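Structure at a glance
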Amino acid sequence: MKIASYKSGRDGLLMIVDRELKSCCSASHIAPTLQAALDDWANIAPQLEQQYEQLCQGQISDAETFDTSRCAAPLPRSYHWVDGSAYVTHVELVRKARGAELPASFWKDPLVYMGASDAFIGPEDPVEAESEEWGIDFEAEVVVVTDDVPAGVTPSQAARHIKLIGLVNDVSLRNLIPGELAKQFGFYQSKPWTAFTPVLVTPDELGDAWDGARLHLPLRTTYNGELVGAPNAGQDMTFDFPTLIAHCAKSRSLMTGAVIGSGTVSNVGSEAGSCCLAEIRCLETIKDGQPSTPFMRFGDRIHIEMLDANAKSIFGAIDQVIVRYTAPTG
């Protein structure tokens with residue numbers, strides 16, 4: 001099934017969306033929010049699934065046209081958001097551009113960080129920043145949402161805890177990152193907003209493209225109207241989602257509604273393009289000695305989407321414009 005949240009309060013109004021992303025209906029009589037549904041997933045999911053099938057068959061009398069402009073993030077805020085760097089080839093490329101070696105441990109032990117989950121943003125919400133000098137960048141990624149994950153699970157056990165799948169734009173402020181990492185305490189100011197596709201889907205909606213661990217489809221990233229990347233998310237993913245989940249649950253359990261990100265999708269050689277400007281700039285540096293592509297400017301537009309084998313959108317699209325915010329005075 002496909003699930004969305006229309007904007008309403010802080011946690012949204014739970015909606016069921018049909019397979020074609022054309023119609024929807026409220027699921028608030030089953031669960032008011034997606035977090036409430038996840039908290040009792042074993043009982044709630046079958047009820048949502050029944051309504052989903054009725055919607056897809058045109059049997060819901062009060063169905064309405066699905067309006068992505070009304071969408072919040074499907075899970076507007078989460079108790080836990082952890083982003084990985086599962087495509088080690090991407091990390092290797094970034095280090096190569098600055099003349100640094102990649103430690104051998106990076107191929108064996110996942111990189112993850114805990115991000116801000118108190119307010120995710122919707123697929124068409126603008127990306128706000130105070131200054132272009134911050135180095136505004138997009139990052140197209142795949143994410144999964146889990147139920148309760150016990151501490152110490154193995155990857156094979158962790159796979160059973162994946163309940164929903166979607167895409168995100170994990171915005172990065174590249175020029176703020178070096179100063180933060182120099183303190184050896186991780187990201188904070190350099191990771192401002194994370195935007196989600198209009199819908200999250202259950203694994204069964206993906207058919208053979210989902211093997212239980214990786215999503216084997218191109219992730220299309222269009223920047224100011226130009227397709228800049230369509231790498232296959234299932235290729236060159238050094239650490240699959242069950243491995244990332246098991247890594248995160250090594251020393252503590254994860255609560256229902258935990259969101260686990262893949263990090264920027266990247267294929268060896270970048271022949272299908274890139275899912276962030278940082279990778280494009282690294283390729284330019286390796287080739288020409290310096291980058292020529294600037295980071296994002298106010299007014300720039302980013303569009304992130306994944307199509308199925310029939311060229312139909314699976315999750316809907318993230319479509320955002322970069323805007324300036326004005327800091328308060330006085």
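See above for the structure.
Owing to the predicted nature of the structure, the values given are computational and were not obtained by experimental measurement. (Residues numbered from 1 in each chain as written. Predicted model: local features only at pLDDT ≥ 70, side-chain atom pairs only at ≥ 80, totals over all residues. Heavy atoms only, no water.)

**Digging into the environment of Lys163**
Within the secondary structure, Lys163 is located in strand S10 (residues 162-170). In this structure, the C-alpha to C-alpha distance between Lys163 and Pro291, residues 128 residues apart in sequence, is 40 Å. Leaving out residues up to four positions away in the same chain, Lys163 has contacts with Trp41, Val145, Thr146, Asp147, Val201, Thr202 and Pro203. Among the polar contacts listed, one links the side chain of Lys163 to the backbone oxygen of Arg160, at a separation of 3.2 Å. (Helix = DSSP H or I, 4+ residues; strand = E, 2+ residues; numbered from the N terminus. Contact = heavy atoms within 4.5 Å. Polar contact = N/O pair within 3.5 Å; in protein donor to acceptor, adjacent residues only side chain to side chain.)

**Quick look at the packing of helix H3 (residues 88-97) against helix H7 (residues 277-288)**
In the contact formed by H3 and H7, the axes pass within 9 Å of each other and the chain directions differ by 45°. As the angle between them shows, H3 and H7 are arranged oblique. Every pair of crossing elements has a handedness; the one defined by H3 and H7 is left-handed. Facing His90, Leu93, Val94, Lys96 and Ala97 of H3, the residues of H7 in contact are Glu279, Cys282, Leu283, Thr285 and Ile286. Here the contact of H3 with H7 is composed, by residue class, of 6 nonpolar, 2 polar and 2 charged. (Axes fitted to C-alpha atoms, helices over the stretch in contact; angles between N-to-C directions. Parallel < 35°, antiparallel > 145°, perpendicular 65-115°, else oblique. Left-handed = near helix turned anticlockwise from the far one by under 90°. Nonpolar A, V, L, I, M, F, W, Y, C, P; charged D, E, K, R; others polar.)

**Quick word on the pairing of strand S2 (residues 13-17)**
Most of S2 is tucked away: 4 of the 5 residues are buried. Note: strand S1 (residues 2-6) against S2, 5 bridges, orientation antiparallel. Counterpart to Ala4 in the pairing with S2 is Met15. Here S1 folds back onto S2 in antiparallel fashion, the turn holding 6 residues, of which Gly9 has a positive phi close to 60°. Bridge analysis of S2 against strand S3 (residues 23-26) gives 3 bridges, and the strand direction is antiparallel. Within S3, the position partnered with Val17 by the bridge is Cys24. (Buried < 20%, exposed > 50% of the residue type's maximum accessible area, 1.4 Å probe, protein only. Pairing = 2+ DSSP bridges.)

**Considering the nonpolar core**
One finds Phe66, Val142, Ile165, Leu215, Met306 and Phe315 to be the most contacted residues of the largest nonpolar core, which totals 67 residues. Here this core takes 5 residues from helix H6 (residues 241-248), the largest share from any one element. Excluding anything up to four places from it in sequence, Ile165 contacts Val142, Val143, Val144, Leu200, Val201, Pro203, Leu206, Trp210, Leu215 and Phe315. Within the second largest apolar cluster, 29 residues are counted, among which are Leu14, Leu38, Val168 and Val259. (Core = buried A, V, L, I, M, F, W, Y, C linked by side-chain atoms within 4.5 Å.)

**What about the environment of Phe138?**
Considering the arrangement of structural elements, one finds Phe138 in the loop between strand S8 (136-137) and strand S9 (140-146). Here Phe138 falls in the buried class, since its relative accessible area comes to 0%. When residues no more than four places from it in sequence are discounted, the contact partners of Phe138 are Asn169, Asp170, Arg174, Thr221, Tyr223, Val228, Cys275, Cys276, Leu277, Met296 and Ile302.

**Focus on the state of the cysteines**
Going through the model one piece at a time under the given rule, you end up with 0 disulfides. Cys56 forms no disulfide, and the closest cysteine sulfur to it belongs to Cys25, at a distance of 9.4 Å. Taking the relative accessible area as the measure of exposure, Cys56 reaches 29% and is therefore partly exposed. (Disulfide = S-S within 2.5 Å.)

**Some words on the pattern of salt bridges**
Per the stated rule, a full pass over the model turns up 14 salt bridges. Glu205 is the salt-bridge partner of Arg19, the closest N and O atoms lying 3.2 Å from each other. Of the two residues, Arg19 sits in the loop between S2 and S3 while Glu205 sits in the loop between strand S13 (200-201) and strand S14 (220-223), which places them 186 residues apart along the sequence. Residue Arg19 is classed as partly exposed on the basis of its relative accessible area, which comes to 36%. Close ionic contact of Glu139 with Lys191 constitutes a salt bridge, the shortest N to O distance being 2.9 Å. Here Glu139, found in the loop between S8 and S9, pairs with Lys191, found in the loop between helix H5 (177-182) and strand S12 (194-196); they are 52 residues apart in sequence, far enough to count as distant. Its relative accessible area of 7% is what places Glu139 among the buried residues. According to the relative accessible area criterion, Lys191 is buried, its value standing at 13%. (Salt bridge = Lys/Arg side-chain N within 4 Å of Asp/Glu carboxyl O.)

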